[in-house]
Amino acid sequence: MQRWILGKKNQITLAGAILIVIGFISSLGFKNEIVAVWALVIASVIGAAPIAIQAYQALRVKVVSIDVLVTMAVVGAFLIKNYEESAIVTFLFLFGSFLEQRTLNKTRSAIKELTEMAPESALKQMENGEFEEVEVDEVDVGDILLVKTGAKIPVDGTVLSGEGSINEASITGESLPVSKEEGSNVFAGTILDNGTIQIVANRVGEDTTFGKIIELVEEAQDSKSEAERFIDGFSKYYTPAVLLLGIIVWAFSRNLELAITILVLGCPGALVIGVPVSNVAGIGNGARHGVLLKGSEVIKDFSRLDTMVFDKTGTLTVGNPSVAEKEYYGDNIDEALGYLASVERESDHPLAKAVLTEIGETQFSPVENTEVIKGGGVTANVNGHRIAVGNVALMENEGVHISKQARNDIDRFEKGGNSLVLTAVDGELKILMGVRDQIRAGVKEDLKRLKRLGVKNLIMLSGDNQGTVDVVSRELGLTEAHGNMLPEDKSAFVKKLIEKGQIVAFVGDGVNDSPSLALANIGIAMGSGTDVAIETSDVVLMNSDFSRLPHGLGLTKAIARNMKQNIVIAIGVVLFLLASVFFSEWMNMSIGMLVHEGSILVVILNGMRLLRYRLR
Amino acid sequence: MKKATIQLDTLACPSCVQKIENAVKSMDGVEKDSVKVLFNASKVKFDFDEERLSVEDTEKAITALGYDVKKSQVRAK
C-alpha cells in the first residue's frame, strides 16, 4: 500500500491540482462552500499521504527530514481548519519535487551519456565451442569472446584471432580508428568499426579502464568538499532545530498558524542541493570535454591556482626527438648518409633513432671496429673508410677540420636548442644534423590562455640540459625553466613552492613524475587512459590532449563561482522568508512553500548553466 | 567480506541519502565505514559479511524505504 501510494506520486500531484481548482471555482464562482471545503480536504489528504509515508520512514531510521516538517505543518493547518493552505502546500511540495527530479536528471545527463557507453552484452564461447549472447556481468577473466562489426568491445582483453579497426574515442577521446590484430590489446567500451575479432578477457567490469573511468567520475561527483560537509553537518541539526523553533513559538504564542508557517519556511532545500548540483553539472561538462576532475576539493584548489609546473618532455614537447635542421658539406653525400645510417643502426642512443628516421631508405654496409667514445660519439670503419659520428669535441679529437661556414651553422643550430650530430668521413666533415624535441602544436596559445585565466607562474622542469630548456622556455614565454632535474629534484622543487604558500599544479605524464603529481596541490596527468595516470592524479587529460587544460581551468573557475552563487541564493532566500514572517503581513504557508520550491529550481537551473560552459 | 553495489532509481533529494545510509548502516553484517550512498549516480556501495547478511535483505530494506532497486552486483573483495 505504501509503495503503491509512493509510485503514484505524479498522479496524486495532478489530482491535487484539479481538486484545488475545483475548490476555488466552487468557492469564488458558485459560492458553494461545502463543495469547496470537501475538494480541498480531499486534496490535502491524498497529497499528504505520500509525504507522511516518507516522513514516517525517515523517522524510523532516525532522520528528521524535510518531509517531517511538511507533514507536521499540514496536520497543523488541518487542526486550525485552514484546508486551503494545507491543500496548496502539499501540492506545491509534490509538484516541486517532481520538477526537481526532472531538472536534476538534466544536470546528470552528461555523466549518464558516459555510463550509457558501457557495454551490456557479450558473445561468449560456451563449453560446446558455440558463441552465445550473455550479459556482460557473466563474463569472467579468461573467457573467449567474439566481437562482430559495429559491436562494443565488452571487456579489456587481447585479440586472439582476426583483425579490425576500433574506434577508441570512449577511452582516449581520439576518434580516428586504430587497427588491431592478433596480440593487440582492446578496451571495454570501444567500438569495432569493421572486421571480426576473437578476444580473451583480461579484465572485466569495474576493473577495466572504462569501468575505472566511470567509477572515478561517479565518485568524483559525490565527493564532498569541506564546505559541503559543513552544510551536511549543519542540515543534520538544522531541520530538527526548525522543528524545535516551531514548537517553542507555538508553546509561547499559542499561535498554531505562526508555528506551522515557520515549519514550512524553515525547510532546507536550496542550501542542501545547491552545491551538489554545481558539482555534478561541472564534472559532467569536464567528462564530456576530456577533462576528468576527481571531486569537489580538486575543483576548489584548481580554480584558485597560481602556479603551474610542467614536465617538458612529453608534456610541452612531443617526446620524440627528431632531426629539425641539417647541412651537407662537399660531395658524395649519399654515400656519407649510407655510412652514417649503417653506424647509427647499431646504436641505441636516442639521437640515433631520430637520425635513422630522417635518412629513411638507404644503402647499408657492414660496420667494423666500432668504438664508443663516452661523451663524444662513435667511430667505426665502413667499406674501408673511417667514420666518426658525434659532437664537436669528437671531431676535434679526430682532427677533423671545421670550416668557417660549418662553424656558423653549428652556432646557429645550438642557439636553436638542437643537439648536434656531426659526421666525418676519412677526417672530412660531411654532414651536420640538429636534433630536437618538437614543441606540441598549439601549446603556445594554450599557455597564453592559462595566463589570461590568472595563472601567475608557468614553470618548466626537465631532465634535459639547461641550454635546450632555455630555448623551449623562450619560445613558449614561460616564467621560469630549470634543466638537469631528476624526478626527485622536481618533487623537491614543487614542495618548496607549496611551502611558500602557493597553490601549485603539476602537469606530467603520470609515470616517472608520480611523486610530483602526488605532492602538488593538483596533479594533472596527461593520460591516454593508463591506470597509473588515473590513480595518482587529481585531474586527467584524456588522450594526453594539452589543449584541454585551459578548458579545465576555466571550467573549475566557473564551477566555483556557480557554487558561491547558489549558496548566496539559498541563504538569502531563507533569511528573506524568516524576516518576512515576523515583519510582514502577507507572508503565509503557501507563499513560503512557493518561494522555497522556487529557490530550489533556481539553484538547479543555475547549476545547469555549467553543462553548456565553453572557454571563450 | 564481499563488496556490493546496488543501483537505485534516480535519487532526487539529499535527505534520501541520509535515510538510505542510516538504514544500510543499521543492518547486521554491514561494514559501517564502507557504506557510501552516491547521490548523483544513485548507487549504494558497501562491504558486508556474506555469512550474516544477503544482498537481498539489504535490497528489501531499501525498497521498504520507498526507493526502487534496479540491479545489484556482488563481488569478492
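Residues numbered from 1 in each chain as written. Chains lettered and ligands numbered in written order. Predicted model: local features only at pLDDT ≥ 70, side-chain atom pairs only at ≥ 80, totals over all residues. Heavy atoms only, no water.

Asks: Is there a simple way to explain the packing of helix 10 (residues 256-265) of chain A against helix 23 (residues 548-583) of chain A in this structure?
Replies: Between two packed helices, both the angle of their axes relative to each other and the distance between the axes serve to describe the pair. Residue and element names in this part refer to chain A. Viewed as axis vectors pointing N to C, helix 10 and helix 23 meet at an angle of 165 degrees, and their least axial separation amounts to 10 Å. When the interaxial angle is binned, helix 10 and helix 23 end up roughly antiparallel. Regarding helix 10 and helix 23, the two cross each other, and that crossing is right-handed. In this structure, helix 10 contributes Leu-258, Thr-261, Ile-262 and Leu-265 to the contact, and helix 23 contributes Leu-577, Val-581 and Phe-582. (Axes fitted to C-alpha atoms, helices over the stretch in contact; angles between N-to-C directions. Helix = DSSP H or I, 4+ residues; strand = E, 2+ residues; numbered from the N terminus. Parallel < 35°, antiparallel > 145°, perpendicular 65-115°, else oblique. Left-handed = near helix turned anticlockwise from the far one by under 90°. Contact = heavy atoms within 4.5 Å.)

Asks: Got a minute to help me understand the confidence of the model for chain B in this structure?
Replies: One rule of thumb: low pLDDT means the predicted coordinates there are not for detailed reading. Summing up the model confidence of chain B, the mean pLDDT is 83 and the portion of residues at 70 or higher is 94%. With pTM at 0.71, the complex prediction returns an ipTM value of 0.74. (pLDDT = per-residue confidence, 0-100.)

Asks: Even after reading the chapter, I still don't get the layout of surface pockets, so can you show me in this structure?
Replies: Rolling a probe over the atoms, with the probe sized like a water molecule, indicates the empty space that remains. By volume, the second largest pocket is sized at about 1400 Å³. Around the second largest pocket, the lining is made up of 44 residues, and of these Thr-115 and Ala-118 of chain A together with Gln-7, Lys-43 and Lys-71 of chain B lie nearest the centre. For the lining of the second largest pocket, the elements supplying multiple residues, two or more each, are helix 6 (109-116) and helix 8 (209-222) of chain A together with strand 1 (2-8), strand 3 (43-48) and strand 4 (69-76) of chain B. When grouped by side-chain class, the residues that make up the lining of the second largest pocket number 14 nonpolar, 13 polar and 17 charged. (1 Å grid on protein atoms, 1.4 Å probe; cavity = no way out; pocket = protein on both sides within 12 Å on 5 of 7 lines; lining within 4 Å. Points joined across faces, edges and corners; volume = space filled by probe spheres on them. Nonpolar A, V, L, I, M, F, W, Y, C, P; charged D, E, K, R; others polar.)

Asks: Where do I start with the sheet that holds strand 16 (residues 457-461) of chain A in this structure?
Replies: All names here are of chain A. If you walk across this open sheet you meet the seven strands as 8-20-19-18-9-16-17, and the pairing is mixed. Only two strands of the sheet have a single neighbouring strand rather than two, namely strand 8 (291-293) and strand 17 (480-482). For this sheet, the mean angle separating the axes of adjacent strands, direction not counted, is 15 degrees. Judged from the four bridges that link them, strand 9 (residues 307-311) and strand 18 (residues 504-508) form a sheet pairing that is parallel. Bridge assignment links Val-309 to a residue of strand 18, and that residue is Phe-506. Packing of helix 23 onto the sheet brings it into contact with strand 8, strand 9, strand 18, strand 19 (522-526) and strand 20 (539-541), and relative to strand 8 it is tilted by some 40 degrees. (Pairing = 2+ DSSP bridges.)

Asks: Explanation requested: the environment of Leu-293 of chain A in the structure shown.
Replies: Residue and element names in this part refer to chain A. Tracing the backbone shows Leu-293 in strand 8. Take Leu-293: its relative accessible area is 1%, and that puts it in the buried class. Separated by 259 residues in the primary sequence, Leu-293 and Gly-552 place their C-alpha atoms 8.3 Å from one another. (Buried < 20%, exposed > 50% of the residue type's maximum accessible area, 1.4 Å probe, protein only.)

Asks: Looking at this model, I keep getting lost on the nonpolar core. Mind explaining?
Replies: Nonpolar side chains in soluble globular proteins tend to be buried together. Judged by nonpolar contacts, the single largest core of 87 residues is most densely connected at Phe-302, Met-308, Phe-310, Leu-447, Ile-524 and Leu-549 of chain A together with Ile-20 of chain B. Discounting residues that sit within four places of it in the chain, Phe-302 of chain A has contacts with Leu-293, Met-308, Ile-522, Ile-524, Val-539, Leu-549, Gly-552, Leu-553 and Thr-556 of chain A. (Core = buried A, V, L, I, M, F, W, Y, C linked by side-chain atoms within 4.5 Å.)

Asks: Would you take a moment to explain empty space enclosed by the protein for this structure?
Replies: Residue and element names in this part refer to chain A. Tallying each qualifying case throughout the model produces one cavity of 30 Å³ or more. By volume, the largest cavity amounts to about 40 Å³. Taken together, Ile-12, Thr-13, Gly-16, Ile-20, Ala-43, Gly-47, Ala-87, Thr-90, Phe-91 and Leu-94 form the lining of the largest cavity. Where the lining of the largest cavity is concerned, the elements lending two or more residues are helix 2 (9-29), helix 3 (33-60) and helix 5 (83-107).

Asks: Whenever I open this one, the domain arrangement of chain A confuses me. Can you help?
Replies: By convention, interface size is frequently given as the accessible area that disappears when the constituent parts associate. Domain annotation of chain A identifies domain 1 (120-213), domain 2 (295-318 + 440-555) and domain 3 (320-438). Taking only C-alpha atoms into account, the centre of domain 1 of chain A sits 34 Å from that of domain 2 of chain A. (Domains from an automatic or database assignment.)

Asks: Just checking my understanding: could you explain the packing of aromatic side chains for this structure?
Replies: What describes a pair of aromatic rings is the distance from one ring centre to the other and the angle between the planes of the rings. Residues and elements named next belong to chain A. Taken as a whole and judged by the stated rule, the model has five aromatic pairs over all chains. Their ring planes at 70 degrees and their centres at 5.1 Å tell us that Phe-78 and Tyr-83 sit as a pair that is edge-to-face. Feature note: the residues Phe-91, Phe-95 and Phe-98 constitute an aromatic cluster, connected by ring pairs. Above the plane of the ring of Trp-250 lies Arg-254, whose end atom (NZ or CZ) is 4.9 Å from the centre. Directly above the ring of Phe-364 sits Arg-345, whose terminal nitrogen or CZ lies 4.1 Å from the centroid. (Phe/Tyr/Trp six-rings, centres within 6.5 Å; stacked < 30°, edge-to-face > 60°. Lys NZ or Arg CZ within 6 Å of the ring centre and 35° of its normal.)

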